[in-house]
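Architecture and fold: a report
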Amino acid sequence: MLVTGIKSKPVYTPLAPDLRGRYHLMVGHGVGSEPLLRVLRDLRAAAPESGARTRVLIVGSSEEQFRAAGAADVSLFGREEELLTSLQDVLNHSVMGTRLYVAGPESFMGLVMRIARQFNLNKDEVRAEECGSLARRVYCIHCQTATENVTTNIVQCKDCNRWLLVRDHYSSRLAAYMGVMVDAEAPGERPEVKEVFR
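Summary of the structure given here.

Description of the nonpolar core
Grouped together as the largest cluster of nonpolar side chains are 24 residues, with contacts concentrated most on Val27 and Leu100. Elements that contribute at least two residues to this core include exactly β1 (23-29), β2 (54-59), α3 (80-92), β4 (98-104), α4 (106-118) and β5 (126-130). When residues in this core are grouped by element, the largest group, six residues, is from α4. Formed by 16 residues, the second largest nonpolar core is a distinct cluster that contains Met26, Val39, Val56 and Phe66.

A few points about the sheet that holds strand β7 (residues 146-150)
Pairing between the strands of a sheet is mediated by backbone hydrogen bonds and can be parallel or antiparallel. Overall, mixed pairing links the five strands, which are arranged β7-β6-β10-β9-β8 in an open sheet. With one partner strand each, in any of the chains shown, β7 and β8 (154-156) form the two edges of the open sheet. For this sheet, the mean angle separating the axes of adjacent strands, direction not counted, is 45°. Examined bridge by bridge, strand β6 (residues 136-140) and β7 share three bridges and lie antiparallel to one another. Within β7, the residue paired with valine 138 across the bridge is threonine 147. Here α4 sits on the sheet and contacts β6, β7, β9 (163-171) and β10 (176-181); the angle it forms with β6, its principal contact strand, is near 65°.

Conventions used here
What you see as residue numbers is a count from 1 along each chain, following the sequence as written. Restriction of local features to residues with pLDDT of at least 70 applies here, the model being predicted, together with a cutoff of 80 or more for giving and counting side-chain atom pairs; totals for whole chains, interfaces and linings are based on all residues. Values shown for side chains rest on all heavy atoms present in the structure; no hydrogens or waters enter the calculation. Put simply, buried Ala, Val, Leu, Ile, Met, Phe, Trp, Tyr and Cys residues joined by side-chain atoms within 4.5 Å make one nonpolar core. Buried residues are those whose accessible area, probed at 1.4 Å on protein chains only, stays under 20% of the maximum for their type, while exposed residues exceed 50% and partly exposed ones sit between those limits. Secondary structure elements are taken from DSSP: a helix is a run of H or I of four residues or more, a strand is a run of E of two residues or more, and numbering for both begins at the N terminus. Paired strands are those between which DSSP finds at least two bridges. To obtain each axis, a line is fitted to C-alpha atoms, and for helices this fit is confined to the stretch in contact; angles are then taken between N-to-C directions over 0 to 180 degrees. Pairs of residues are marked as contacts when any of their non-hydrogen atoms sit within 4.5 Å.

Written out as structure tokens, the structure is:
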């Protein structure tokens, strides 16, 4: 039922610094701190003055690590929602030449990328590296609700309770994979639920 190789599924590459950037904004979640620290060290090695123009927004990490790696401005958050709210404010006041580096689980990165698009950051200004859980954010096409942290091929919608097939079709506008009713034609007949996105 899952179809692989669909072109809408995002493809991520390891983060690398963009020395053409005037200002570097790094956003991460949990294990995303490691790729961001790597980029920060590479930036400092190539352009020692870049630390003064680097800001870090992170959930679940240590401020000291980023300061030691050269970041001048580090903000830690206890919750993802707080970070996303702060990101909107930071981007609202950002300058031309800002480069955005994002690292963490795909569900988090999708939400960050959706905000970046609201501020017209293009693909040349944003870099993203997926790390951590492969759990998906699934959008129910029937009730327009998103269910977070889905690790199975079939999930029950948290709002309408329909059983949804988790498709590989990804909507960057919704920052989610599409979920369609799995038993629409034969109510109650569902395939076996399997753990597939860890």
